[in-house]
Amino acid sequence: MQNYPSHIAIIMDGNGRWAENKNMPRTYGHKKGVETLKEIVKAFIEFGIPSLTVYAFSTENWKRPPKEVKYLMSLFSKTIENEAEELNQQNVQINIIGRRNNLDEKVLKNIEWIEKLTENNNKLELNIAFNYGGRAEIIDAVKKMMKNPNIDLNNINQELISKNLYNPNISNIEYIIRTGGDKRISNFLLWESAYAELYFTDTYWPEFSKNDLKKALDEFTNRKRKFGALDNGDDL
Ligand code: FPP
């Protein structure tokens, strides 16, 4: 394997516009988006990239028309039911990150079920950000820490905050790919992506292919990551 990132996050944007361009309802774009995700999961396994985090529903997505919100909730839940067996066979571990307090019973049940079913899998870690916001995640981590009587103010450091995020086992993001043409982070993984490289493509998510992924990976291998240090590694 080349020098590929070990953890990539994807903002799967452009479903709605892709469908509208075809005079189809936006929901058609989301449905096709699931098919793309299935292909991209296969490609990750083929390329040997161990971790993928995708943005499926943000804390801001509740502001969409109720019909679309309802569709996205049901698509997510049904996708879990329909794909769990194959994902399990592919040795994919599924983790859902995000707020759980305002999700409906059925969605919650499916989340817990697929996490349990796939917890020992280790080929690909697929984290699905659902009802997720980067700021919400940091707020929730702070609340969790403040409720813990064993945490002393003087001991608060990066490691402790990382441990109190939705899933303490999720590694730092090395590369963020955003499809659909916009160039912003949209409240995604604010803590975890502190040193991530960013990649933007105009391709709408339903059309994003294994080849497009390969192109993004090739670009990553050509980038020099410095983590705030100097190019040549010299100390000042
Ligand atoms: C952004 O496109 C996409 C979403 C808000 C939803 C992404 C959801 C899926 C791909 C399917 C559900 C996922 C799982 C894991 C089952 P947009 O609607 O913002 O598109 P637009 O910018 O063109 O309007």
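See above for the structure.
Keep in mind that this is a model prediction, so the values were computed, not measured.

Caption draft 1: Structural view of the sheet that holds strand S2 (residues 51-58). Spatially, S3-S4-S2-S1-S5-S6 is the arrangement adopted by the 6 strands of the open sheet, whose pairing is parallel. Pairing within the sheet leaves two strands with one partner each, and these edge strands are strand S3 (92-97) and strand S6 (197-200). Strand-to-strand twist in this sheet, taken as the mean axis angle between neighbours without regard to direction, amounts to 20°. Bridge count for strand S1 (residues 7-11) against strand S5 (residues 175-178) is 4 bridges, and the pairing is parallel. Paired with Ile11 across the bridge in S5 is Arg178. In this fold helix H3 (residues 66-89) packs onto S2, S3 and strand S4 (124-132), with an angle of close to 155° to the strand it touches most, S3.

Caption draft 2: View of the site of the ligand. Among the 18 residues in the neighbourhood of the ligand, the closest are listed as Asp13, Gly16, Arg17, Arg26 and Arg64. Between the ligand and the protein, one listed contact pairs an oxygen atom with a backbone N or O atom of Gly14 at 3.4 Å. Between the ligand and Arg17 there is a distance of 2.7 Å, counted from an oxygen atom to a backbone nitrogen or oxygen. Surface burial for the ligand is 91%, taken as the share of its 620 Å² of free accessible area covered by protein chains.

Caption draft 3: Just the side chain of Glu68, in detail. Note on placement: Glu68 falls in helix H3. Residue classification places Glu68 among the buried residues on the basis of a relative accessible area of 8%. For Glu68, the residues in contact, after removing those within four places along its chain, are Arg26 and His30.

Caption draft 4: Inspection of unusual backbone geometry at higher detail. Despite not being glycine, Asn23 shows a phi value in the positive range, around 55°. Looking at the secondary structure, you find Asn23 in the loop between helix H1 (15-21) and helix H2 (26-47). For Asn23, a relative accessible area of 73% corresponds to the exposed category. In this model, Asn131 sits at a positive phi of 55°, which is unusual for a non-glycine residue. By secondary structure assignment, the location of Asn131 is in strand S4.

Caption draft 5: Summary view of the pairing of S2. Most of S2 sits inside the fold, with 7 of its 8 residues counted as buried. With 5 bridges connecting them, S1 and S2 associate as parallel partners. Across the sheet, the residue bridging to His7 is Ser51, located in S2.

What counts and what doesn't
Residues numbered from 1 in each chain as written. Predicted model: local features only at pLDDT ≥ 70, side-chain atom pairs only at ≥ 80, totals over all residues. Heavy atoms only, no water. Pairing = 2+ DSSP bridges. Helix = DSSP H or I, 4+ residues; strand = E, 2+ residues; numbered from the N terminus. Axes fitted to C-alpha atoms, helices over the stretch in contact; angles between N-to-C directions. Contact = heavy atoms within 4.5 Å. Near = heavy atom within 4 Å. Polar contact = N/O pair within 3.5 Å; in protein donor to acceptor, adjacent residues only side chain to side chain. Areas by Shrake-Rupley, 256 points an atom, 1.4 Å probe, with all protein chains shown as cover. Buried < 20%, exposed > 50% of the residue type's maximum accessible area, 1.4 Å probe, protein only.

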